[in-house]
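What follows is each chain in one-letter form.
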Amino acid sequence: MQFLAALQWGYVLSGLIVGAAVGLTGVGGGSLMTPILILVFGVSPVAAVGTDLLYAAATKSVGSVVHGAHSTIDWKIVGRLALGSVPAAILTLFALNALGLDSHKANHLISDVLAVALFITAAALIFRKKLLVLYAARIGTLSRRQTFSYTVLTGVMLGALVASTSVGAGALGVTALILLYPEMPAAKLVGSDIAHAVPLTLVAGAGHWFLGNINFALMGTLLLGSIPGILIGSFLAPRVPEQVLRRLMALILVLVAIKLAL
């Protein structure tokens, strides 16, 4: 009984930490929560991804309401991303199901893909400014048709990553949008990315729910910690240098990715 109580408090604390990280940096939901569930609590990779997806859908729905109230969502961008991400997420779920989601092979594959996704996310956090400079020098200004096509393609990549690992909607999504829409205010890009994450994580999470990979009791316990965590992180964000936070987050992601890859 004492062990179960301690485990419940561990879930709440994890939700609090991840919620604070998201509030501070705008990223870290899937990047941190899924590895924590796998490495710390021993949840199977498939169950961890499925549970985290619906957990993310719930938390980011709240964020979307706030951003919507402040008119910091470009619904045109959200629609373009969803046009690619939702079908890609569905196809990815079919592929995972074909592998046999309860099999060791599927769990091993998800762990490997998750490790790669974490390395990419960490690189996006560390080298975001350099990527912007390199992109401006090599690519320059895109036409409207190119912007539309690349936004849909970004959605496809995010859909596949998020459905299989629950990672990618945060740092990778925002970085891609900065490259594609450099003239748009950062707040609106972040708001659009959060709003797009809601249908994506909801569709992907519903797919995992249909396949029996959601632990609703665990999800509810995580939300008990994440909601106050997001509020705390949002309050502290203006008081902590963003560069310090992003480098710290990147270091954590690299360490977790290495652990998963071993």
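Residues numbered from 1 in each chain as written. Predicted model: local features only at pLDDT ≥ 70, side-chain atom pairs only at ≥ 80, totals over all residues. Heavy atoms only, no water.

### Some points on the overall build of the chain
Part 1: In terms of regular secondary structure, the chain is built from 11 helices and 0 strands.
Part 2: Element order for the chain, N to C, with α for helix and β for strand: α-α-α-α-α-α-α-α-α-α-α.
Part 3: Out of the 262 residues belonging to the chain, those deemed buried represent 51%.
Part 4: For the chain, the share of sequence-separated contacts (at least 6 apart) that also reach a separation of at least 24 residues comes to 84%.
Part 5: A total accessible area of about 12700 Å² is found for the chain, and carbon and sulfur atoms account for 73% of it. (Helix = DSSP H or I, 4+ residues; strand = E, 2+ residues; numbered from the N terminus. Buried < 20%, exposed > 50% of the residue type's maximum accessible area, 1.4 Å probe, protein only. Contact = heavy atoms within 4.5 Å. Areas by Shrake-Rupley, 256 points an atom, 1.4 Å probe, with all protein chains shown as cover.)

### A short note on the packing of helix H3 (residues 45-69) against helix H10 (residues 216-236)
Part 1: As a packed pair, H3 and H10 sit with axes 10 Å apart at the nearest point and diverge in direction by 40°. In terms of orientation, H3 and H10 fall into the oblique class. Here H3 and H10 pass one another in a crossing that is right-handed. Contacts between H3 and H10 involve Thr51, Leu54, Tyr55, Ala58 and Thr59 from the former and Phe216, Leu218, Met219, Leu222, Leu223, Ser226 and Ile230 from the latter. (Axes fitted to C-alpha atoms, helices over the stretch in contact; angles between N-to-C directions. Parallel < 35°, antiparallel > 145°, perpendicular 65-115°, else oblique. Left-handed = near helix turned anticlockwise from the far one by under 90°.)

### Observations regarding H3
Part 1: Under the 1.5 Å per step criterion, the end-to-end length of H3 is 36 Å for 25 residues, consistent within 8% with the ideal 36 Å.
Part 2: Positive backbone phi, at 55°, marks serine 71, one or two positions downstream of H3. (Expected span 1.5 Å × (residues − 1).)

### Details of the confidence of the model for the chain
Part 1: Mean pLDDT for the chain: 80, with 85% of residues reaching 70 or above.
Part 2: The spread of mean pLDDT over the elements of the chain runs between helix H6 (residues 128-138), the lowest at 70, and helix H4 (residues 75-99), the highest at 91. (pLDDT = per-residue confidence, 0-100.)

### Some points on the environment of alanine 57
Part 1: Structurally, the position occupied by alanine 57 is in helix H3.
Part 2: Counting along the chain gives 145 residues from alanine 57 to leucine 202, while the straight-line C-alpha distance between them is 5.4 Å.
Part 3: The residues contacting alanine 57, other than those within four sequence positions of it, are Val198, Thr201 and Leu202.

### Quick look at the packing of H4 against helix H7 (residues 144-165)
Part 1: For the pair H4 and H7, interaxial distance at closest approach is 6 Å and the crossing angle is 35°. The handedness of the crossing between H4 and H7 is right-handed. Of the residues in H7, those touching H4 at Ile77, Arg80, Leu81, Leu83, Gly84, Ser85, Ala88, Ala89, Thr92, Leu93 and Leu96 are Thr147, Phe148, Thr151, Val152, Thr154, Gly155, Val156, Gly159, Ala160, Ala163 and Ser164.
Part 2: Here the residues of the contact of H4 with H7 sort into 12 nonpolar, 9 polar and 1 charged. (Nonpolar A, V, L, I, M, F, W, Y, C, P; charged D, E, K, R; others polar.)

### Describing H10
Part 1: Between its first and last C-alpha, H10 extends 30 Å over 21 residues, near the 30 Å set by a 1.5 Å rise per residue.
Part 2: By the burial criterion, the buried members of H10 are Leu218, Met219, Thr221, Leu222, Leu223, Gly225, Ser226, Gly229 and Gly233.
Part 3: For H10, the capping residue at the N-terminal end is asparagine 215, with a side-chain oxygen 3.3 Å from the backbone nitrogen of alanine 217. (Polar contact = N/O pair within 3.5 Å; in protein donor to acceptor, adjacent residues only side chain to side chain.)

### Some words on the nonpolar core
Part 1: One finds Leu37, Tyr55, Leu118 and Leu222 to be the most contacted residues of the largest nonpolar core, which totals 27 residues.
Part 2: Mapped by element, the contributors of at least two residues to this core are helix H1 (2-25), helix H2 (29-39), H3, helix H5 (104-126), H10 and helix H11 (242-261).
Part 3: By residue number, the principal contributor to this core is H2, which donates 5 residues.
Part 4: Ignoring any residue separated from it by four or fewer positions in sequence, one finds leucine 37 in contact with Tyr11, Gly42, Val43, Ala48, Leu218 and Leu222.
Part 5: With 13 residues, the next largest nonpolar core counts Leu93, Ile110, Leu200 and Ala204 among its residues. (Core = buried A, V, L, I, M, F, W, Y, C linked by side-chain atoms within 4.5 Å.)

### Here's the deal with a nonpolar patch on the surface
Part 1: Together, Leu13, Leu16, Ile17, Ile232, Phe235, Leu236 and Val240 give the surface a local cluster of nonpolar side chains, amounting to about 580 Å² of exposed area.
Part 2: Those elements giving two or more residues to the nonpolar patch turn out to be H1 and H10.
Part 3: Mapped onto the fold, leucine 13 is located in helix H1.
Part 4: Assessed through its relative accessible area of 48%, leucine 13 is described here as partly exposed. (Patch = residues over 30% accessible without salt bridge, like charges linked within 9 Å, V, L, I, M, F, W, Y side chains within 5 Å. Salt bridge = Lys/Arg side-chain N within 4 Å of Asp/Glu carboxyl O.)

### Comments concerning the side chain of threonine 34
Part 1: In this structure, threonine 34 sits in helix H2.
Part 2: The contacts of threonine 34, once residues within four sequence positions are left out, are Gly29, Ala48, Val49, Asp52, Leu114, Thr165 and Ser166.

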